[in-house]
Amino acid sequence: MVAYGAEQRVRLPALRAGWVTQTFVHWPFPPEAVQALVPEELVVDEYEGAAWVGLTPFVMADVRPPGVPAALPGLPTFAETNLRTYVRHRDGRDGLWFLSIEVAFPLMLAARAIGAPYNPGTLDVSTNGDAVSYSGSRWIGDASYRLVVRPGDPIEPTERDVWLISRWRAYTRRLGMLWETPVEHEPWPLSDATVDVLEETLTTAAGLGEAPLGEPVTHFSEGVRHVRLGPSRPCVRGCVTQPS
């Protein structure tokens, strides 16, 4: 079962940040359609017989190296949007696989060195009354999205909510190797959300040509402020995380 709280401590982070004003939109897809988009070392994780793909726009706040306080003026804060699915390594541990990552801060493109699929673009996050709006378009190609949601009341996460939201490592592939990046933060505070507008071509651009199996499941979170991303490590003989 996926853990609601962090599965490991990241004692020596490579990067610290906050992930705020985050929306999660998840669609169920046939597992075989999603499996075709991930490396052979990974198996698509399933819930209720489906693979799930999530569109997750948010604001990456106060990005800084370890040892730098979040209160320091001028720290980078920018919009990012992930298209992701859920996988298991052959050692059984679950994690994220990113189908694409849209980002409004070009320095993040350095993560392409470990295979993170960053795409630079023009992104925007704004609020108008009780509505939160996200939009983005790539600088290269025509992939884009527009999402408007209205957050509702806080909820106590169900088993499915935890399965969709909480993951504590991300896998990438580069130079013929699988890499793992551990993450630690407080549990996500979640609210229901209703969707007013949802237009996107990211799923098609990622290779998902067929329609989802059902309507999207949507959540909103004010976010987590104490994100610790560990150094990425190649998975040579199974992945090894930092000790707890």
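Refer to the structure printed above.
All of these numbers come straight from a predicted model, not from anything done at the bench.

Caption draft 1: Spatial organisation of the overall build of the protein chain. Each helix and strand counted, the protein chain has 3 helices and 13 strands in total. Rg of the C-alpha trace for the protein chain: 17 Å, near the compact-globule value of 18 Å for 244 residues, within the 12% margin. A principal-axis box enclosing the C-alpha atoms of the protein chain has dimensions of 50 × 45 × 40 Å. Here the protein chain holds 244 residues, and the buried ones make up 51% of them.

Caption draft 2: Up close: the layout of surface pockets. The computed volume of the largest pocket comes to approximately 740 Å³. Looking at the lining of the largest pocket residue by residue, the class counts come to 26 nonpolar, 8 polar and 5 charged.

Caption draft 3: Main features of the pairing of strand β6 (residues 118-128). Two elements, strand β5 (residues 94-103) and β6, share 3 bridges in a ladder whose sense is parallel. Within β6, the residue paired with Val103 across the bridge is Pro120. Here β6 pairs with strand β7 (residues 131-138) via 8 bridges, running antiparallel. Within the sheet, the bridge partner assigned to Asn128 lies in β7 and is Ala131. The antiparallel hairpin formed by β6 and β7 contains 2 residues in its connecting segment, where Gly129 sits at a positive phi of about 65 degrees.

Caption draft 4: How the structure looks around the nonpolar core. Counting 32 residues, the largest nonpolar core has Trp19, Trp52, Met60, Trp163 and Trp188 as the members making the most contacts within it. Of all the secondary-structure elements, those providing two or more residues to this core are β1 (15-29), β3 (51-64), β4 (78-89), β5, α2 (159-165) and β12 (217-229). In contact with Trp188, other than residues within four places in its own chain, are Tyr4, Trp19, Gln22, Phe24, Ile165, Ser166, Ser221, Gly223 and Val224. Ranked by size, the runner-up nonpolar core spans 30 residues in total, among them Leu42, Val87, Trp97 and Leu202.

Reading the values: rules and limits
Residues numbered from 1 in each chain as written. Predicted model: local features only at pLDDT ≥ 70, side-chain atom pairs only at ≥ 80, totals over all residues. Heavy atoms only, no water. Helix = DSSP H or I, 4+ residues; strand = E, 2+ residues; numbered from the N terminus. Rg over C-alpha atoms; globule rule 2.2 N^0.38 Å. Buried < 20%, exposed > 50% of the residue type's maximum accessible area, 1.4 Å probe, protein only. 1 Å grid on protein atoms, 1.4 Å probe; cavity = no way out; pocket = protein on both sides within 12 Å on 5 of 7 lines; lining within 4 Å. Points joined across faces, edges and corners; volume = space filled by probe spheres on them. Nonpolar A, V, L, I, M, F, W, Y, C, P; charged D, E, K, R; others polar. Pairing = 2+ DSSP bridges. Core = buried A, V, L, I, M, F, W, Y, C linked by side-chain atoms within 4.5 Å. Contact = heavy atoms within 4.5 Å.

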